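Examining the three-dimensional arrangement
Okay, here's what each chain looks like letter by letter:
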Amino acid sequence: METVGRVSYPPSFIIEKDTEFSVSDAMIKRNVPLCIPDMDEQELAAIGAVLKSGWLAHGPMNHEFEHLFAEFLGVPHAVSLNSCASALFLAVHANGITGEVIVPSFTFVASANAIVTGGARCVFADINYEDCCVDAAHVEALITPRTEAIMPVHYAGQAADMERLSAIATRHGLKLIEDSAEAIGATQNGKQTGSWGDGAWSFYPTKNLATGEGGMLTTADGALAEKARAIAGHGVASSTWAREKKEKPWFRAATYAGFNFRMSNILAALGVVQMKKLNRMNEARRVHAAQYNAMLDQALFDLPVEMPGRKHVYQMYTIKLKGVDRTKFLAELRGQGIGATVHFDPPVHTQPFYAELCGSANLDLPVTNTIAATIATLPMYPTMTAGDVAFVANAANAAGAKHRV
Ligand SMILES: Cc1ncc(COP(=O)(O)O)c(C=O)c1O
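Residues numbered from 1 in each chain as written. Predicted model: local features only at pLDDT ≥ 70, side-chain atom pairs only at ≥ 80, totals over all residues.

Here the bond from His343 into Phe344 is cis, since omega is 10°, no more than 30 degrees from zero. Residue position: Phe344 is located in the loop between helix 11 (326-335) and helix 12 (352-358). Of note, the bond from Asp345 into Pro346 is cis; its omega dihedral lies within 30 degrees of zero at 5°. Looking at the secondary structure, you find Pro346 in the loop between helix 11 and helix 12. We note that Tyr314 has phi near 45°; this positive angle belongs to a residue other than glycine. Following the sequence through the fold, Tyr314 ends up in the loop between strand 13 (310-311) and strand 14 (317-321). (Helix = DSSP H or I, 4+ residues; strand = E, 2+ residues; numbered from the N terminus.)

Structure (C-alpha coordinates):
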(Lines give C-alpha, C1' and ligand atoms only; values in the text may rest on other atoms or scores of the structure.)
Protein backbone atom coordinates (compact mmCIF):
# COMPACT_ATOMS: atom_id res chain seq x y z
CA MET A 1 0.00 0.00 0.00
CA GLU A 2 1.14 3.48 -0.86
CA THR A 3 -0.12 6.55 0.97
CA VAL A 4 -1.07 9.56 -1.08
CA GLY A 5 -2.42 12.38 1.06
CA ARG A 6 -4.74 10.70 3.57
CA VAL A 7 -5.74 7.85 1.24
CA SER A 8 -3.97 4.51 0.92
CA TYR A 9 -4.02 2.93 -2.51
CA PRO A 10 -3.23 -0.63 -3.49
CA PRO A 11 -0.34 -0.29 -5.95
CA SER A 12 -2.48 -1.29 -8.92
CA PHE A 13 -5.33 1.11 -8.24
CA ILE A 14 -6.23 3.91 -10.59
CA ILE A 15 -8.87 6.50 -9.87
CA GLU A 16 -11.19 7.74 -12.56
CA LYS A 17 -10.71 11.32 -13.69
CA ASP A 18 -13.94 12.69 -12.29
CA THR A 19 -13.78 10.90 -8.95
CA GLU A 20 -10.28 11.91 -8.02
CA PHE A 21 -11.29 13.81 -4.90
CA SER A 22 -14.01 11.49 -3.63
CA VAL A 23 -12.27 8.19 -3.04
CA SER A 24 -14.36 6.03 -0.74
CA ASP A 25 -13.37 2.86 1.07
CA ALA A 26 -15.63 0.83 -1.21
CA MET A 27 -13.79 2.14 -4.25
CA ILE A 28 -10.33 1.27 -3.01
CA LYS A 29 -11.39 -2.35 -2.46
CA ARG A 30 -11.77 -2.93 -6.24
CA ASN A 31 -9.82 -5.92 -7.37
CA VAL A 32 -10.23 -5.47 -11.12
CA PRO A 33 -9.97 -1.71 -11.63
CA LEU A 34 -11.05 0.06 -14.77
CA CYS A 35 -7.47 0.44 -15.87
CA ILE A 36 -3.85 -0.04 -14.83
CA PRO A 37 -1.16 1.65 -16.92
CA ASP A 38 1.50 -0.81 -18.14
CA MET A 39 4.58 0.59 -16.35
CA ASP A 40 7.71 -1.39 -15.42
CA GLU A 41 11.43 -1.08 -14.74
CA GLN A 42 12.02 0.47 -18.18
CA GLU A 43 9.85 3.50 -17.37
CA LEU A 44 11.47 3.79 -13.92
CA ALA A 45 14.94 3.74 -15.49
CA ALA A 46 13.96 6.33 -18.11
CA ILE A 47 12.59 8.70 -15.48
CA GLY A 48 15.64 8.13 -13.27
CA ALA A 49 17.96 9.05 -16.14
CA VAL A 50 16.09 12.29 -16.79
CA LEU A 51 16.10 13.21 -13.10
CA LYS A 52 19.84 12.61 -12.93
CA SER A 53 20.41 14.65 -16.10
CA GLY A 54 19.00 17.73 -14.37
CA TRP A 55 16.98 18.74 -17.47
CA LEU A 56 13.42 18.34 -16.22
CA ALA A 57 11.47 20.77 -18.41
CA HIS A 58 10.70 20.34 -22.11
CA GLY A 59 13.92 19.01 -23.62
CA PRO A 60 15.68 16.25 -25.56
CA MET A 61 13.25 13.45 -24.67
CA ASN A 62 10.42 15.54 -26.14
CA HIS A 63 12.23 15.60 -29.47
CA GLU A 64 12.75 11.84 -29.34
CA PHE A 65 9.11 11.16 -28.37
CA GLU A 66 7.85 13.45 -31.14
CA HIS A 67 10.12 11.78 -33.68
CA LEU A 68 8.94 8.25 -32.70
CA PHE A 69 5.28 9.31 -32.65
CA ALA A 70 5.42 11.03 -36.05
CA GLU A 71 7.22 8.03 -37.53
CA PHE A 72 4.63 5.63 -36.09
CA LEU A 73 1.77 7.61 -37.69
CA GLY A 74 3.56 8.37 -40.93
CA VAL A 75 3.05 12.15 -40.52
CA PRO A 76 5.81 14.76 -40.77
CA HIS A 77 5.12 16.81 -37.60
CA ALA A 78 4.33 15.99 -33.96
CA VAL A 79 4.24 18.57 -31.14
CA SER A 80 4.30 17.17 -27.59
CA LEU A 81 1.96 18.96 -25.17
CA ASN A 82 0.53 18.76 -21.66
CA SER A 83 -2.80 17.27 -22.79
CA CYS A 84 -5.08 16.34 -25.64
CA ALA A 85 -7.31 19.26 -24.61
CA SER A 86 -4.40 21.58 -25.46
CA ALA A 87 -3.81 19.78 -28.76
CA LEU A 88 -7.48 20.15 -29.73
CA PHE A 89 -7.47 23.82 -28.69
CA LEU A 90 -4.38 24.46 -30.82
CA ALA A 91 -5.86 22.63 -33.80
CA VAL A 92 -8.83 25.02 -33.70
CA HIS A 93 -7.06 28.22 -32.61
CA ALA A 94 -3.82 27.93 -34.60
CA ASN A 95 -5.80 27.01 -37.72
CA GLY A 96 -7.72 30.27 -37.26
CA ILE A 97 -11.10 28.51 -37.21
CA THR A 98 -13.88 30.84 -36.04
CA GLY A 99 -16.95 29.40 -37.78
CA GLU A 100 -18.86 26.16 -37.15
CA VAL A 101 -17.17 22.89 -36.27
CA ILE A 102 -19.24 19.70 -36.52
CA VAL A 103 -18.53 17.35 -33.61
CA PRO A 104 -20.35 14.35 -32.14
CA SER A 105 -22.18 15.09 -28.91
CA PHE A 106 -21.25 11.59 -27.74
CA THR A 107 -17.69 12.38 -26.59
CA PHE A 108 -15.71 13.60 -23.61
CA VAL A 109 -16.50 17.28 -23.11
CA ALA A 110 -12.89 18.26 -23.94
CA SER A 111 -13.69 17.97 -27.68
CA ALA A 112 -16.41 20.63 -27.47
CA ASN A 113 -14.49 22.75 -24.95
CA ALA A 114 -11.61 23.09 -27.41
CA ILE A 115 -13.95 24.34 -30.13
CA VAL A 116 -15.41 27.03 -27.88
CA THR A 117 -12.19 28.09 -26.14
CA GLY A 118 -10.40 28.00 -29.51
CA GLY A 119 -12.81 30.67 -30.78
CA ALA A 120 -15.26 28.63 -32.90
CA ARG A 121 -18.81 27.26 -32.60
CA CYS A 122 -20.02 23.70 -31.95
CA VAL A 123 -22.59 21.97 -34.11
CA PHE A 124 -23.53 18.60 -32.65
CA ALA A 125 -23.94 15.54 -34.87
CA ASP A 126 -25.39 12.12 -34.09
CA ILE A 127 -23.41 8.85 -34.09
CA ASN A 128 -23.81 5.37 -35.56
CA TYR A 129 -25.14 2.64 -33.25
CA GLU A 130 -22.45 0.10 -34.14
CA ASP A 131 -19.18 2.05 -33.93
CA CYS A 132 -20.44 4.90 -31.68
CA CYS A 133 -18.54 7.33 -33.94
CA VAL A 134 -19.95 10.31 -35.80
CA ASP A 135 -22.56 9.55 -38.48
CA ALA A 136 -21.05 10.75 -41.79
CA ALA A 137 -24.46 11.23 -43.43
CA HIS A 138 -25.59 13.47 -40.55
CA VAL A 139 -22.33 15.42 -40.73
CA GLU A 140 -22.91 16.15 -44.41
CA ALA A 141 -26.51 17.22 -43.72
CA LEU A 142 -25.29 19.73 -41.10
CA ILE A 143 -22.82 21.51 -43.40
CA THR A 144 -23.67 25.18 -44.02
CA PRO A 145 -21.71 28.09 -45.52
CA ARG A 146 -20.51 28.76 -41.93
CA THR A 147 -18.95 25.31 -41.48
CA GLU A 148 -15.16 25.37 -41.32
CA ALA A 149 -14.19 22.01 -39.86
CA ILE A 150 -15.28 18.50 -38.92
CA MET A 151 -14.01 17.01 -35.66
CA PRO A 152 -14.58 13.22 -35.63
CA VAL A 153 -13.89 11.42 -32.34
CA HIS A 154 -12.45 7.91 -32.59
CA TYR A 155 -14.47 6.30 -29.81
CA ALA A 156 -12.98 3.76 -27.37
CA GLY A 157 -10.20 2.65 -29.72
CA GLN A 158 -11.94 2.41 -33.07
CA ALA A 159 -11.54 4.76 -36.02
CA ALA A 160 -14.53 6.73 -37.23
CA ASP A 161 -15.30 6.16 -40.92
CA MET A 162 -12.43 8.36 -42.08
CA GLU A 163 -12.68 7.28 -45.72
CA ARG A 164 -16.14 8.86 -45.90
CA LEU A 165 -15.44 11.77 -43.57
CA SER A 166 -12.27 12.84 -45.35
CA ALA A 167 -14.06 12.63 -48.72
CA ILE A 168 -16.80 14.91 -47.30
CA ALA A 169 -14.19 17.33 -45.91
CA THR A 170 -12.40 17.48 -49.27
CA ARG A 171 -15.64 17.92 -51.21
CA HIS A 172 -16.71 20.87 -49.03
CA GLY A 173 -13.25 22.38 -48.46
CA LEU A 174 -13.34 21.75 -44.69
CA LYS A 175 -10.54 21.18 -42.17
CA LEU A 176 -10.46 17.78 -40.51
CA ILE A 177 -9.45 17.73 -36.83
CA GLU A 178 -9.35 14.19 -35.45
CA ASP A 179 -9.88 13.71 -31.73
CA SER A 180 -7.68 10.64 -31.49
CA ALA A 181 -7.40 10.68 -27.70
CA GLU A 182 -8.82 7.15 -27.47
CA ALA A 183 -7.35 5.50 -30.54
CA ILE A 184 -3.54 5.35 -30.61
CA GLY A 185 -2.76 2.61 -33.11
CA ALA A 186 -6.28 2.27 -34.59
CA THR A 187 -6.46 2.20 -38.39
CA GLN A 188 -8.87 2.22 -41.30
CA ASN A 189 -7.63 0.41 -44.40
CA GLY A 190 -4.17 0.39 -42.82
CA LYS A 191 -4.04 4.18 -42.35
CA GLN A 192 -3.61 5.43 -38.78
CA THR A 193 -6.28 7.56 -37.11
CA GLY A 194 -5.04 11.12 -36.67
CA SER A 195 -3.12 10.98 -39.96
CA TRP A 196 -6.09 11.90 -42.20
CA GLY A 197 -6.30 15.45 -40.84
CA ASP A 198 -4.71 17.22 -37.88
CA GLY A 199 -4.59 14.71 -35.00
CA ALA A 200 -4.97 15.36 -31.25
CA TRP A 201 -3.79 12.67 -28.83
CA SER A 202 -4.03 11.97 -25.09
CA PHE A 203 -1.62 10.14 -22.83
CA TYR A 204 -3.91 10.15 -19.78
CA PRO A 205 -3.36 6.93 -17.73
CA THR A 206 -6.41 5.17 -19.19
CA LYS A 207 -5.21 5.66 -22.77
CA ASN A 208 -3.36 3.18 -25.02
CA LEU A 209 -0.10 4.98 -24.28
CA ALA A 210 0.27 6.67 -20.90
CA THR A 211 2.50 9.41 -19.51
CA GLY A 212 0.24 10.49 -16.62
CA GLU A 213 -0.91 13.71 -18.22
CA GLY A 214 0.17 14.54 -21.74
CA GLY A 215 -0.85 15.05 -25.32
CA MET A 216 0.37 15.49 -28.88
CA LEU A 217 -0.69 17.47 -31.92
CA THR A 218 0.18 15.85 -35.25
CA THR A 219 -0.10 17.42 -38.68
CA ALA A 220 1.18 17.40 -42.22
CA ASP A 221 1.22 21.21 -42.13
CA GLY A 222 4.68 22.49 -41.13
CA ALA A 223 3.48 26.07 -40.63
CA LEU A 224 0.69 24.90 -38.29
CA ALA A 225 3.16 22.78 -36.28
CA GLU A 226 5.50 25.75 -35.91
CA LYS A 227 2.68 28.07 -34.85
CA ALA A 228 1.25 25.53 -32.39
CA ARG A 229 4.71 24.96 -30.90
CA ALA A 230 5.15 28.70 -30.39
CA ILE A 231 1.69 29.21 -28.86
CA ALA A 232 2.34 26.23 -26.55
CA GLY A 233 5.61 27.84 -25.38
CA HIS A 234 4.60 31.36 -24.28
CA GLY A 235 4.32 32.56 -27.88
CA VAL A 236 8.09 32.24 -28.43
CA ALA A 237 9.01 30.35 -31.60
CA SER A 238 12.03 28.49 -30.18
CA SER A 239 12.44 26.16 -27.21
CA THR A 240 14.89 26.68 -24.33
CA TRP A 241 16.66 23.48 -25.35
CA ALA A 242 17.05 24.64 -28.96
CA ARG A 243 18.16 28.13 -27.88
CA GLU A 244 20.96 26.68 -25.74
CA LYS A 245 22.75 25.76 -28.96
CA LYS A 246 22.45 29.30 -30.37
CA GLU A 247 24.84 32.24 -30.06
CA LYS A 248 22.35 34.27 -27.96
CA PRO A 249 20.38 31.69 -25.91
CA TRP A 250 18.75 34.47 -23.88
CA PHE A 251 17.00 36.03 -26.89
CA ARG A 252 13.28 35.19 -26.64
CA ALA A 253 10.96 37.09 -28.93
CA ALA A 254 7.23 36.40 -28.79
CA THR A 255 5.38 36.18 -32.08
CA TYR A 256 2.02 35.28 -30.45
CA ALA A 257 0.29 35.82 -27.10
CA GLY A 258 0.99 32.27 -25.97
CA PHE A 259 0.32 29.78 -23.20
CA ASN A 260 2.40 27.16 -21.45
CA PHE A 261 1.10 23.85 -22.84
CA ARG A 262 4.48 22.10 -22.88
CA MET A 263 5.13 18.53 -21.78
CA SER A 264 8.04 17.99 -19.38
CA ASN A 265 11.17 16.05 -20.31
CA ILE A 266 10.23 13.57 -17.53
CA LEU A 267 6.88 12.69 -19.10
CA ALA A 268 8.37 12.62 -22.59
CA ALA A 269 10.84 9.99 -21.34
CA LEU A 270 7.85 7.87 -20.29
CA GLY A 271 6.40 8.40 -23.75
CA VAL A 272 9.56 7.16 -25.45
CA VAL A 273 9.47 3.88 -23.50
CA GLN A 274 5.71 3.49 -23.99
CA MET A 275 6.10 4.00 -27.77
CA LYS A 276 8.34 0.95 -27.87
CA LYS A 277 5.68 -1.12 -26.04
CA LEU A 278 2.65 0.27 -27.88
CA ASN A 279 2.05 -2.52 -30.39
CA ARG A 280 2.43 -5.20 -27.74
CA MET A 281 0.07 -3.36 -25.36
CA ASN A 282 -2.54 -2.92 -28.12
CA GLU A 283 -2.31 -6.61 -29.07
CA ALA A 284 -2.93 -7.55 -25.42
CA ARG A 285 -6.05 -5.35 -25.40
CA ARG A 286 -7.30 -7.13 -28.53
CA VAL A 287 -6.80 -10.54 -26.91
CA HIS A 288 -8.81 -9.46 -23.85
CA ALA A 289 -11.56 -8.05 -26.09
CA ALA A 290 -11.79 -11.36 -27.96
CA GLN A 291 -12.21 -13.18 -24.63
CA TYR A 292 -14.92 -10.75 -23.48
CA ASN A 293 -16.67 -11.19 -26.86
CA ALA A 294 -16.65 -14.95 -26.43
CA MET A 295 -17.88 -14.92 -22.83
CA LEU A 296 -20.45 -12.10 -22.54
CA ASP A 297 -24.13 -12.98 -22.95
CA GLN A 298 -25.39 -11.40 -26.18
CA ALA A 299 -29.00 -11.73 -25.03
CA LEU A 300 -28.13 -9.07 -22.42
CA PHE A 301 -25.52 -6.95 -24.18
CA ASP A 302 -24.63 -5.65 -27.62
CA LEU A 303 -20.87 -6.10 -27.83
CA PRO A 304 -18.34 -3.82 -29.56
CA VAL A 305 -18.21 -4.38 -33.31
CA GLU A 306 -14.89 -4.16 -35.15
CA MET A 307 -16.04 -2.58 -38.39
CA PRO A 308 -14.80 -4.05 -41.71
CA GLY A 309 -11.44 -2.56 -42.73
CA ARG A 310 -10.81 -1.05 -39.30
CA LYS A 311 -8.43 -2.16 -36.56
CA HIS A 312 -9.90 -1.61 -33.07
CA VAL A 313 -7.37 -1.09 -30.26
CA TYR A 314 -9.90 -1.21 -27.39
CA GLN A 315 -8.81 1.79 -25.35
CA MET A 316 -12.06 0.88 -23.61
CA TYR A 317 -14.29 -2.17 -23.80
CA THR A 318 -17.85 -0.83 -23.89
CA ILE A 319 -21.10 -2.79 -24.07
CA LYS A 320 -24.68 -1.66 -24.69
CA LEU A 321 -27.16 -3.02 -22.17
CA LYS A 322 -30.37 -4.52 -23.57
CA GLY A 323 -33.25 -4.36 -21.10
CA VAL A 324 -30.93 -4.18 -18.07
CA ASP A 325 -31.11 -1.51 -15.34
CA ARG A 326 -27.70 0.16 -15.79
CA THR A 327 -27.51 1.85 -12.40
CA LYS A 328 -28.17 -1.42 -10.55
CA PHE A 329 -25.92 -3.38 -12.94
CA LEU A 330 -22.98 -1.03 -12.33
CA ALA A 331 -23.58 -0.88 -8.58
CA GLU A 332 -23.53 -4.68 -8.48
CA LEU A 333 -20.20 -4.86 -10.34
CA ARG A 334 -18.62 -2.05 -8.37
CA GLY A 335 -19.72 -3.74 -5.14
CA GLN A 336 -17.74 -6.81 -6.25
CA GLY A 337 -14.57 -4.80 -6.79
CA ILE A 338 -14.94 -4.34 -10.55
CA GLY A 339 -14.17 -0.87 -11.90
CA ALA A 340 -17.08 -0.73 -14.34
CA THR A 341 -18.35 2.71 -15.31
CA VAL A 342 -19.88 4.73 -18.19
CA HIS A 343 -18.38 6.64 -21.12
CA PHE A 344 -20.20 8.94 -21.86
CA ASP A 345 -23.32 10.13 -20.06
CA PRO A 346 -24.65 12.80 -20.25
CA PRO A 347 -23.97 13.64 -23.91
CA VAL A 348 -22.33 17.04 -24.39
CA HIS A 349 -25.34 18.74 -26.04
CA THR A 350 -27.34 18.31 -22.81
CA GLN A 351 -24.61 19.47 -20.42
CA PRO A 352 -25.59 22.81 -18.85
CA PHE A 353 -22.94 25.01 -20.50
CA TYR A 354 -23.62 23.65 -23.99
CA ALA A 355 -27.37 23.39 -23.57
CA GLU A 356 -27.37 27.11 -22.85
CA LEU A 357 -24.70 28.23 -25.34
CA CYS A 358 -26.04 26.19 -28.25
CA GLY A 359 -29.68 25.91 -27.20
CA SER A 360 -29.15 22.19 -27.69
CA ALA A 361 -30.81 20.57 -24.65
CA ASN A 362 -33.60 19.07 -26.75
CA LEU A 363 -31.65 18.52 -29.96
CA ASP A 364 -32.84 15.42 -31.80
CA LEU A 365 -29.84 13.07 -31.61
CA PRO A 366 -31.64 9.74 -31.14
CA VAL A 367 -28.70 7.35 -31.37
CA THR A 368 -26.59 9.51 -29.06
CA ASN A 369 -29.38 9.60 -26.48
CA THR A 370 -29.97 5.84 -26.68
CA ILE A 371 -26.32 4.96 -26.36
CA ALA A 372 -25.63 7.45 -23.57
CA ALA A 373 -28.46 5.78 -21.61
CA THR A 374 -27.40 2.17 -22.18
CA ILE A 375 -23.62 2.00 -22.56
CA ALA A 376 -21.26 0.65 -19.89
CA THR A 377 -17.48 0.34 -19.75
CA LEU A 378 -15.82 -2.79 -18.38
CA PRO A 379 -12.19 -2.98 -17.18
CA MET A 380 -9.60 -3.07 -19.97
CA TYR A 381 -5.83 -2.81 -19.71
CA PRO A 382 -2.88 -4.70 -21.21
CA THR A 383 -1.76 -6.51 -18.04
CA MET A 384 -5.19 -8.00 -17.25
CA THR A 385 -5.07 -11.75 -16.98
CA ALA A 386 -7.48 -14.18 -18.66
CA GLY A 387 -8.70 -14.86 -15.11
CA ASP A 388 -9.49 -11.15 -14.61
CA VAL A 389 -11.46 -11.02 -17.87
CA ALA A 390 -13.37 -14.20 -16.98
CA PHE A 391 -14.14 -12.83 -13.49
CA VAL A 392 -15.56 -9.62 -14.96
CA ALA A 393 -17.46 -11.36 -17.77
CA ASN A 394 -19.09 -13.87 -15.41
CA ALA A 395 -20.00 -11.11 -12.94
CA ALA A 396 -21.45 -8.99 -15.79
CA ASN A 397 -23.56 -11.90 -17.10
CA ALA A 398 -24.91 -12.58 -13.60
CA ALA A 399 -25.58 -8.89 -12.83
CA GLY A 400 -27.25 -8.38 -16.22
CA ALA A 401 -29.56 -11.37 -15.69
CA LYS A 402 -30.38 -10.21 -12.14
CA HIS A 403 -31.25 -6.64 -13.11
CA ARG A 404 -33.41 -7.14 -16.19
CA VAL A 405 -36.21 -4.60 -16.59
C1 LIG B 1 -12.39 11.79 -26.73
C2 LIG B 1 -11.48 12.54 -25.79
N3 LIG B 1 -11.06 13.76 -26.12
C4 LIG B 1 -10.24 14.46 -25.33
C5 LIG B 1 -9.81 13.96 -24.13
C6 LIG B 1 -8.97 14.83 -23.25
O7 LIG B 1 -7.69 14.31 -23.05
P8 LIG B 1 -6.70 15.00 -22.00
O9 LIG B 1 -7.13 14.56 -20.64
O10 LIG B 1 -5.34 14.49 -22.39
O11 LIG B 1 -6.82 16.47 -22.21
C12 LIG B 1 -10.19 12.68 -23.75
C13 LIG B 1 -9.70 12.08 -22.49
O14 LIG B 1 -10.30 11.80 -21.54
C15 LIG B 1 -11.07 11.95 -24.57
O16 LIG B 1 -11.51 10.74 -24.23
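That shown, we press on.
With that settled, consider the site of the ligand. In the vicinity of the ligand there are 14 residues, among which Ser83, Cys84, Ala85, Ala181 and Ser202 approach most closely. When residues of the shell around the ligand are traced back to their parent elements, those giving at least two are helix 4 (84-93) and helix 5 (110-117). Here the residues of the shell around the ligand sort into 7 nonpolar, 5 polar and 2 charged. (Near = placed C-beta within 6 Å. Nonpolar A, V, L, I, M, F, W, Y, C, P; charged D, E, K, R; others polar.)

Turning next to the pairing of strand 10 (residues 198-202). Burial within strand 10 is extensive, with 5 of its 5 residues counted as buried. Both faces of strand 10 are covered, namely the face carrying Asp198, Ala200 and Ser202 and the face carrying Gly199 and Trp201. Both strand 7 (residues 175-179) and strand 10 contribute to a ladder of 3 bridges, which runs parallel. Bridge pairing in strand 10 links Glu178 to Gly199. Looking at chain direction, strand 10 and strand 11 (residues 215-219) are connected through 4 bridges and run antiparallel. Each residue of the ladder has a partner; that of Gly199, found in strand 11, is Thr218. (Buried ≥ 20, exposed ≤ 12 C-beta atoms within 10 Å, placed from the backbone. Pairing = 2+ DSSP bridges.)

Spatially, the 3 strands line up as an open sheet ordered 9-8-13, and their pairing is antiparallel. The outermost strands of the open sheet, each flanked by one partner alone, are strand 9 (191-192) and strand 13. Relative to strand 13, strand 8 (residues 187-188) is paired through 2 bridges, and the arrangement is antiparallel. Its bridge partner being in strand 13, Thr187 is matched across the sheet by Lys311.

Here we come to the nonpolar core. Counting residues in hydrophobic clusters, the biggest one holds 117 residues, and the most contacted among them are Ala87, Leu88, Val92 and Val101. No other element matches helix 10 (residues 265-295), which puts 10 residues into this core. Split by domain, this core shows at least three residues from each of two domains, domain 2 (41-273) and domain 3 (278-402). Dropping the residues within four chain positions of it, Val101 is found in contact with Val92, Ile115, Ala120, Arg121, Cys122, Val123, Glu148, Ala149 and Met151. (Core = buried A, V, L, I, M, F, W, Y, C linked by C-beta atoms within 7 Å. Domains from an automatic or database assignment. Contact = placed C-beta atoms within 7 Å.)

Take the pairing of strand 6 (residues 147-150) next. Sheet faces and side chains relate simply in a regular strand, where the side chains alternate between the two faces. Examined bridge by bridge, strand 4 (residues 100-104) and strand 6 share 3 bridges and lie parallel to one another. What sits directly across from Glu100, in strand 6, is Thr147. Across 2 bridges, strand 6 lies against strand 7 in parallel orientation. Bridge pairing in strand 7 links Ile150 to Leu176. In this fold, the crossover linking strand 6 to strand 7 by way of helix 7 (residues 162-172) has right-handed handedness. (Right-handed = clockwise from strand over helix to strand, strands pointing away.)

Here the focus is the sheet that holds strand 15 (residues 375-378). With antiparallel pairing, the 3 strands of this open sheet are ordered in space as 12-14-15. Every other strand in the sheet has two partners, leaving strand 12 (301-302) and strand 15 as the edge strands with one partner each. Of the strand pairs in this sheet, strand 14 and strand 15 are connected by 4 bridges, and their pairing is antiparallel. Residue pairing in the sheet places Lys320 in a bridge with Ile375 of strand 15.

Spatial relationships are all this shows, so hold off on functional conclusions.
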